[in-house]
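This is what each chain is made of:
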Amino acid sequence: DFFGRTGKTPDQVSTQDVFAWAYGVGASGKSPSSITIGARLAAVSSFYRFLIRMQIVTFNPCDAIERPRMPESRPRGIGGDGVKKLLSVVPFTPIGLRDRALILTLTFTARRRTEVFSLTAGDLTTENGRTYYAYRGKGGKTGRRELPIPALNAIQVWLACIDKDLQAMRPDQSLWPNPHTGKAITSGTFYNRLQGYLKAAGLPRGGVHLFRHSAAKVRRDAGDSIEEVSRFR
């Protein structure tokens, strides 16, 4: 889009060309936000750094442009206190116990939505008194990690409520069956219930992914470094 608008080759582009494009009205017909401007400048600057490494050009026209001040981002996780507040409004019914187990598993493992919702009984194994879960992640990545005790306890309470035991379940059975139909819960169903819980707890609306952010916030609040949190996720 940038080079199409300027009609110039990379070595002909000036700082003024980049400035006019970055701050100019886009295809939407609206003036760009500071986030959009920053993204445009970052894209062009990154491309020029590549061209310099390849010895195609000798300068980066973005270097002289001051980046716009970005709005301060709000933390997306709800933290430990928020999770406690959320759990306080989840009922101790069969469906409520399942939802509590999901919330705790999502928070304590920091796994993505699909990774948790696809867990089966066969994904959980016990060795030397510790329980581990296997997951299939983004891009086909697989892994195995210890299942935190609060999540394990919540799963066991939930399954006991519907007369199921991990040791007796088939390996392919979902950990999250509907107590009435036996079919695995969908993330859409849980999302709708989550909105009700968040509203009842007086917390901001959010998707299932908020628990991944919450997991990071909980660990940071507990004293983990950013590097440790990154490795955990």
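Everything quoted here is computed from the prediction, not taken from an experiment.

Trainee: Lay out unusual backbone geometry in plain terms, naming residues and giving numbers.
Mentor: Phi angles above zero are rare outside glycine, and A110 is one such case at about 65°. The backbone of D163 shows a phi angle near 60°, a positive value even though the residue is not glycine. As for its position among the elements, D163 is in the loop between α7 (149-161) and α8 (187-200).

Trainee: Describe a nonpolar patch on the surface, listing the residues and the values that go with them.
Mentor: Judged by side-chain polarity, F47, F50, M54 and I56 come together as a nonpolar surface patch covering roughly 380 Å² of accessible area. Of note, M54 is situated in the loop between α3 (34-53) and α4 (79-87). A relative accessible area of 46% places M54 in the partly exposed class.

Trainee: Describe in detail the packing of aromatic side chains, supporting the description with residues and values.
Mentor: Inspection of the entire model under this criterion finds 10 aromatic pairs. Grouping aromatic residues by their ring pairs yields a cluster made of F2, F3, W21, F47, Y48, F50 and F59. Here the guanidinium or amino end of R144 rests over the ring plane of Y132, the centre of that ring lying 4.4 Å away.

Trainee: Account for the environment of T93, naming residues and giving values.
Mentor: Among the structural elements, T93 can be located in the loop between α4 and α5 (94-109). For T93, a relative accessible area of 35% puts it in the partly exposed group. For the pair T93 and C161, spaced 68 residues apart in the sequence, the C-alpha separation amounts to 8.7 Å.

Trainee: Quick rundown of the pattern of salt bridges? Include the residues and the values.
Mentor: In this structure the tally under the stated criterion is 10 salt bridges. A salt bridge links R193 to D99, with the shortest nitrogen-to-oxygen separation between them at 2.6 Å. Taken together, the residues span a long stretch of sequence, with R193 in helix α8 and D99 in helix α5 at a distance of 94 residues. Relative accessible area serves as the criterion here: at 27%, R193 is assigned to the partly exposed category. Between R112 and E115 there is a salt bridge, with its nearest N and O atoms 3.8 Å apart.

Trainee: Please set out the packing of helix α2 (residues 15-23) against α3 residue by residue, giving values where relevant.
Mentor: Geometry of a packed helix pair, given as the angle between the helix axes and the separation of the axes. In the contact formed by α2 and α3, the axes pass within 8 Å of each other and the chain directions differ by 145°. Of the two elements, α2 crosses α3, and the hand of that crossing is right-handed. Note on element contacts: α3 touches α2 through I37, R40, L41 and V44, opposite V18, W21, A22 and Y23. Among the residues making up the contact of α2 with α3, the classes are represented as seven nonpolar, no polar and one charged.

Trainee: Please give an account of the confidence of the model for the protein that cites residues and values.
Mentor: Interpreting fine coordinate detail is not advised for predicted regions of low pLDDT. Predicted confidence across the protein gives a mean pLDDT of 87, with 90% of residues reaching 70 or more. Mean pLDDT in the protein bottoms out at helix α10 (residues 226-232), which sits at 48, and peaks at α7, which reaches 95. Taken together, the stretch residues 226-230 has pLDDT below 50 and engages in six contacts with residues farther than four places along the chain or on a different chain.

Trainee: Which residues make up the sheet that holds strand β2 (residues 130-136), and what values do they have?
Mentor: Reading across the sheet, the three strands line up as β1-β2-β3 and stay open at both edges, with antiparallel pairing between neighbours. Because the sheet does not close on itself, it has two edges, and the strands there are β1 (124-127) and β3 (142-146). Adjacent strand axes in the sheet meet at a mean angle of 25° when their direction is disregarded. Pairing between β2 and β3: five bridges, direction antiparallel. Counted as the bridge partner of Y135 is G143 from β3.

Definitions and limits used
Residues numbered from 1 in each chain as written. Predicted model: local features only at pLDDT ≥ 70, side-chain atom pairs only at ≥ 80, totals over all residues. Heavy atoms only, no water. Helix = DSSP H or I, 4+ residues; strand = E, 2+ residues; numbered from the N terminus. Patch = residues over 30% accessible without salt bridge, like charges linked within 9 Å, V, L, I, M, F, W, Y side chains within 5 Å. Areas by Shrake-Rupley, 256 points an atom, 1.4 Å probe, with all protein chains shown as cover. Salt bridge = Lys/Arg side-chain N within 4 Å of Asp/Glu carboxyl O. Buried < 20%, exposed > 50% of the residue type's maximum accessible area, 1.4 Å probe, protein only. Phe/Tyr/Trp six-rings, centres within 6.5 Å; stacked < 30°, edge-to-face > 60°. Lys NZ or Arg CZ within 6 Å of the ring centre and 35° of its normal. Axes fitted to C-alpha atoms, helices over the stretch in contact; angles between N-to-C directions. Left-handed = near helix turned anticlockwise from the far one by under 90°. Contact = heavy atoms within 4.5 Å. Nonpolar A, V, L, I, M, F, W, Y, C, P; charged D, E, K, R; others polar. pLDDT = per-residue confidence, 0-100. Pairing = 2+ DSSP bridges.

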